[in-house]
Amino acid sequence: MDELQQLIDQAQQVTFLTGAGVSTASGIPDYRSKTGLYAGRQRPEELLSHDYFVAHPDKFWQFVKQSLYFPEAQPNIIHQKMAQIAATKGQVITQNIDGLDHKAGNQQVIEFHGNLYQTYCTQCQKDVPWQEYLADYRHPDCGGFLRPRIVLYGEGINEQVVQKSVRAIQQADVIIVVGTSFQVYPFAGLLQYRQPQAKLVAVNKTPLDVGQHGLMLTGDAAHIFAQLH
Ligand SMILES: [Zn+2]
């Protein structure tokens with residue numbers, strides 16, 4: 001714990017790589033964990049896929065609306081501390097689509113998989129407020145299907161987002177992985193772009209392989225971040 005504080009204090013540039021474990025303390029379920037959203041249901045790879053959206057826009061909408069949107073959720077101590085650090089010398093690359101880093105006032109966020117609260121029409125390409133999407137999946141203007149600007153299974157990551165993320169990793173002398181078991185590619189592949197001397201830290205409920213020189217903090221990320229000053 002003291003070591004983490006020291007690393008952050010001495011760092012030139014801190015890049016955070018975050019996942020669902022950051023937002024569970026805000027009441028957003030981690031759909032990949034055993035107790036999460038999908039336990040005992042269809043696989044997320046099917047329900048949140050491009051093919052499913054195209055074939056069943058109505059069922060896709062029902063599912064997304066009921067299971068992914070938590071508009072009342074508020075950022076927690078992890079989002080707040082990251083925003084504080086990012087304001088002077090850091091960036092956050094997140095897999096989360098909940099927009100909570102923005103809500104925490106973080107200006108240095110790359111949303112690798114997009115943001116649920118940016119919604120648009122797939123026919124006329126107009127942006128529409130997410131509240132309209134939650135009311136109906138069809139665009140009143142043109143009858144086209146609305147969707148959130150998130151990356152579905154079977155869709156590629158925006159090239160600019162990938163480039164920005166790679167740069168954020170390359171610039172960092174401290175990389176902190178928080179609340180993700182790092183199983184989702186291409187997100188997990190970002191680490192390979194780090195500088196050889198960059199220090200790798202992981203904060204996660206279950207231990208991850210951080211290599212011989214890395215620092216693993218196993219435990220509740222909210223509890224650990226609350227101790228940072
Ligand atoms: Zn439209």
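Structure's up top.
Treat the numbers as computed from the prediction; the structure is a model and nothing was measured. (Residues numbered from 1 in each chain as written. Predicted model: local features only at pLDDT ≥ 70, side-chain atom pairs only at ≥ 80, totals over all residues. Heavy atoms only, no water.)

**A closer look at the pairing of strand β2 (residues 90–94)**
Most of β2 is tucked away: five of the five residues are buried. Residues G90, V92 and T94 line one face of β2 and the alternating positions Q91 and I93 line the opposite face, and both faces are buried. In terms of strand pairing, strand β1 (residues 14–18) meets β2 through five bridges, oriented parallel. Of the residues in β2, the one forming a bridge with L17 is I93. Strand direction decides the pairing type here: β2 and strand β3 (residues 109–111), joined by three bridges, are parallel. Opposite V92, over in β3, you have V109 as the bridge partner. (Buried < 20%, exposed > 50% of the residue type's maximum accessible area, 1.4 Å probe, protein only. Helix = DSSP H or I, 4+ residues; strand = E, 2+ residues; numbered from the N terminus. Pairing = 2+ DSSP bridges.)

**Considering the pairing of strand β9 (residues 215–218)**
Across the two faces of β9 the burial differs, with L215 and L217 buried and M216 and T218 not buried at all. Pairing geometry for strand β8 (residues 199–204) and β9, over four bridges, is parallel. Counterpart to V201 in the pairing with β9 is L215.

**Quick notes on the coordination of the zinc ion**
Every protein donor of the zinc ion is listed here as C121 (SG), C124 (SG), H139 (ND1) and C142 (SG), and their distances to the metal cover 2.0 to 2.3 Å. The site at the zinc ion holds four donor atoms, and with the angles between them running 101 to 122°, its shape is tetrahedral. Counting residues between consecutive donors of the zinc ion along the chain gives the motif C-x2-C-x14-H-x2-C. Of the two residues, C121 is situated in strand β4 (residues 114–121) and H139 in the loop between α7 (130–135) and β6 (146–150); the sequence distance between them amounts to 18 residues. Taking relative accessible area as the criterion, H139 reaches 3% and is therefore assigned buried. (Donors = N, O, S within 2.8 Å, 3.2 Å for Na, K, Ca; no water. Tetrahedral: all angles 85-135°; square planar, octahedral: opposite > 155°, others 65-115°.)

**Quick look at the nonpolar core**
Counting 23 residues, the largest nonpolar core has L4, F16, I176, V178 and V203 as its most contacted members. Those elements that provide at least two residues to this core are α1 (2–10), β1, α5 (77–89), β7 (174–178), β8, β9 and α9 (221–226). By residue number, the principal contributor to this core is α9, which donates four residues. With near-sequence residues (within four places) excluded, L4 lies in contact with I176, V201, L215, L217, I224 and L228. (Core = buried A, V, L, I, M, F, W, Y, C linked by side-chain atoms within 4.5 Å. Contact = heavy atoms within 4.5 Å.)

**Description of the sheet that holds strand β5 (residues 127–128)**
On the basis of which strands lie adjacent, the open sheet formed by three strands has the order β5-β4-β6 and antiparallel pairing. Two strands bound the open sheet, and with one partner strand each, they are β5 and β6. Two elements, β4 and β5, share two bridges in a ladder whose sense is antiparallel. Opposite Y120, over in β5, you have D127 as the bridge partner.

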